[in-house]
Structure formats: C-alpha cells, structure tokens
Amino acid sequence: MSFSDATQFWNERFDKKEFIFGREPNEYLVEQAKQHLKHGSKVLCIADGEGRNGVWLAKQGMQVVGFDVSDIALVKARQFAMDNHVEIKYSLSDTDGFDWQTNTYDAVIAIFIQFADAKMRERIFKNAYVALKKGGIFILQGYTPKQIEYKTGGPSLLEHLYTEELIKNLAKEFEILELRSYERELNEGARHAGMSALLGLVARK
C-alpha cells in the first residue's frame, strides 16, 4: 500500500469524533513500562494513532516522539496531548519514511502495528534495533492467529498475526526478556473490545 493509500485508509477510520481505540493506554504497555522504563526516558511510539499511548508515556515524565500515517489521527493526538498538558514530537510518516536515528531512544513502542506485512515487519524490527541505545527496550503487543476466532479487533489476514516463533526469529538480535501468548478481555475503544488472543514481547538491545 502506498503512503497516500495508507493515509486515506487510516484517515477514513480515524475521522470520527470518538477515539476509535479509546483514550486509555494499552494495558500491556503500562505493565511493562512500569517495570522497564523510567522518568526522562526518550521513547519512540510507532504508529501512535490518536495518541493514547504516547500521551500516557509523556504523563509519566518521558520524552516522547511519535509518528503516524494518518494526519487526521495526528490532529486528534496533538489535541489530546495539549488537553493533558504534555508535549509530544509527532510527525506524519509511515514506518518506511520515518527518520530512524541511530542509537537515539531508550525505548521503542509497537502496539498493534499489524498493518505490517512480513517484509515491512522485518524492516520495523531492524529499524527499532538500530534506533535504540544499547540496553534500550522494545515493547510489542499484537494479536495471535487465534484472534481470528474471537473477531474482537485486529486484522483478519493470518500473515499479519503473530506467533511466538515468528517474533522470536524477528527479535534474534535482541535479548528477549519476555515473550508470551495469552488471552485477556480488552476494552480499548470500539475497535479492540472483548476477549482477545494476544502476544507480548519485551526485548533489550
């Protein structure tokens, strides 16, 4: 999908008054950030959408940089940051167009970035590794193939879903601190609601 096609696709989804994934941060991110990140950490949020995760991280005292392919989502995210009295450096970009600066971030956050096909996924993992400082943390949350039965959010294409083996291969340059598949009730706006088949990864450079 070209940049303009992706922008159009996501703009149509985000062009609503409500926040389609809710205003609360992702639960897995909150659990892991409390363990692994600290006040003042420089954090990159991949495809941060309407800003629920970036804003929460900024409220914890972190320096947050984020990007998204939807300019409509970013208008909402910037307003959400202002309403919460935090500053986030957002840019309009897709994962391939973003300027992944080397050894820059204490953490890279990838929450439900399952628009990525296999090739893009590989590039994202490589870029995240390069962009992290030594000892930096990569936090990823996604759906497993069992999610297709639940139909409570996420892509319906099998190749966009995660297995532990797939993620282990992608993360082979990292030290894996946690990799688990589990099921939990999600309540993240209208788009992620109900029992869900999830995978969580925490990895260190």
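One can find the structure itself at the top, above this paragraph.
Anyway, here's the lowdown on the structure attached to this text. This is a predicted model, so every value here is computed, not measured.

1. Things to note about the packing of helix 1 (residues 3–14) against helix 4 (residues 71–83)
Their axes nearest at 7 Å, the elements helix 1 and helix 4 cross at an angle of 50°. With respect to their mutual orientation, helix 1 and helix 4 come out oblique. When helix 1 is examined against helix 4, the residues T7, N11 and F14 are found in contact with a partner set consisting of D71, I72, A73 and K76. Here the contact of helix 1 with helix 4 is built from residues that sort into three nonpolar, two polar and two charged.

2. A short note on the packing of aromatic side chains
Counting across every chain of the model gives twelve aromatic pairs. With centroids separated by 5.2 Å and ring planes inclined at 85°, the aromatic side chains of F9 and W10 adopt a geometry described as edge-to-face. A residue is classified by how much of its surface remains accessible, and F9, at 33% relative accessible area, is partly exposed. Assessed through its relative accessible area of 16%, W10 is described here as buried. Ring geometry for F125 versus F138: centroids 5.1 Å apart, planes at 80°, classification edge-to-face. One end of the pair, F125, is in helix 5 (residues 118–131); the other, F138, is in strand 5 (residues 132–143), with 13 residues separating them in the sequence. Residue F125 shares its accessibility class with F138, and that shared class is buried. Aromatic rings pair up to connect F9, W10, F14 and F21 into one cluster.

3. Observations regarding the nonpolar core
As a rule of thumb, soluble globular proteins bury nonpolar side chains together. Judged by nonpolar contacts, the single largest core of 33 residues is most densely connected at L37, V43, L57 and I109. Not counting chain neighbours up to four residues away, the residues in contact with L37 comprise Q32, V43, L57, M62, A107, I109, I137 and I139. Ranked by size, the runner-up nonpolar core spans 29 residues in total, among them F125, L132, L170 and L199.

4. Structural notes on helix 3 (residues 52–59)
Three- or four-residue spacings in an α-helix give side chains the same orientation, since the helix completes a turn every 3.6 residues. The element helix 3 is extensively covered by neighbouring structure, given that seven of its eight residues are classed as buried. Remark: G61 follows helix 3 within two positions and exhibits a positive phi of approximately 90°.

5. What about the environment of F112?
Turning to its location among the elements, F112 is positioned in the loop between strand 4 (105–111) and helix 5. Taking the C-alpha atoms as reference, F112 lies 21 Å from K17; in sequence the two are 95 residues apart. Not counting the four nearest positions on each side in its chain, F112 is found in contact with N26, R52, Q141, G142, Y143, L186, E188, H192 and L198.

6. Structural notes on the side chain of T144
Of note, T144 is situated in the loop between strand 5 and helix 6 (147–150). When residues no more than four places from it in sequence are discounted, the contact partners of T144 are L161, Y162, S181, A197, L198 and L199.

7. A closer look at the sheet that holds strand 2 (residues 63–68)
The sheet built from seven strands is open, its strands ordered 3-2-1-4-5-7-6 with mixed pairing. Each of the sheet's edge strands pairs with one partner strand only, and the pair in question is strand 3 (88–92) and strand 6 (175–188). In this sheet, adjacent strand axes meet at a mean angle of 15° when their direction is disregarded. Pairing between strand 6 and strand 7 (residues 192–204): 13 bridges, direction antiparallel. Bridge assignment links L186 to a residue of strand 7, and that residue is G194. The strands touched by helix 2 (residues 27–36) are strand 4, strand 5, strand 6 and strand 7; relative to strand 6, the strand with the most contacts, the crossing angle is about 140°. The strands touched by helix 3 are strand 1 (42–45), strand 2, strand 3, strand 4, strand 6 and strand 7; relative to strand 3, the strand with the most contacts, the crossing angle is about 160°.

Scoring rules and cut-offs
- In this numbering scheme, every chain counts its residues from 1 along its sequence in written order.
- Local features in this predicted model are restricted to residues of pLDDT 70 or higher, and side-chain atom pairs are both shown and tallied only at a pLDDT of 80 or more, whereas totals for entire chains, interfaces and linings draw on every residue.
- Neither water nor hydrogens contribute to the side-chain values; these are computed over all heavy atoms in the structure.
- Every angle, taken between N-to-C directions, lies between 0 and 180 degrees, and every axis is a line fitted to C-alpha atoms, over only the stretch in contact when it is a helix.
- A run of H or I in DSSP becomes a helix once it reaches four residues, and a run of E becomes a strand once it reaches two; helices and strands are each numbered from the N terminus.
- For classification, angles of less than 35 degrees are called roughly parallel, those exceeding 145 degrees roughly antiparallel, those between 65 and 115 degrees roughly perpendicular, and all remaining angles oblique.
- Note on definitions: a residue-residue contact is assigned when non-hydrogen atoms from the two residues lie within 4.5 Å.
- Lys, Arg, Asp and Glu make up the charged group, whereas Ala, Val, Leu, Ile, Met, Phe, Trp, Tyr, Cys and Pro make up the nonpolar group; the residues left over, Gly among them, are polar.
- Classification of ring pairs rests on two measures: the distance between centres of Phe, Tyr or Trp rings, Trp counted by its six-membered ring, which must be within 6.5 Å, and the angle between planes, read as stacked under 30 degrees, edge-to-face over 60 and tilted in between.
- Summary of the burial criterion: residues with accessible area below 20% of their type's maximum are buried, those above 50% are exposed, and those between are partly exposed, where the area comes from a 1.4 Å probe applied to protein chains only.
- What is meant by a nonpolar core is a set of buried Ala, Val, Leu, Ile, Met, Phe, Trp, Tyr and Cys residues, joined one to another through side-chain atoms within 4.5 Å.
- In this analysis, strands are considered paired if DSSP registers two or more bridges between them.

Worth remembering: the numbers are spatial, not functional.
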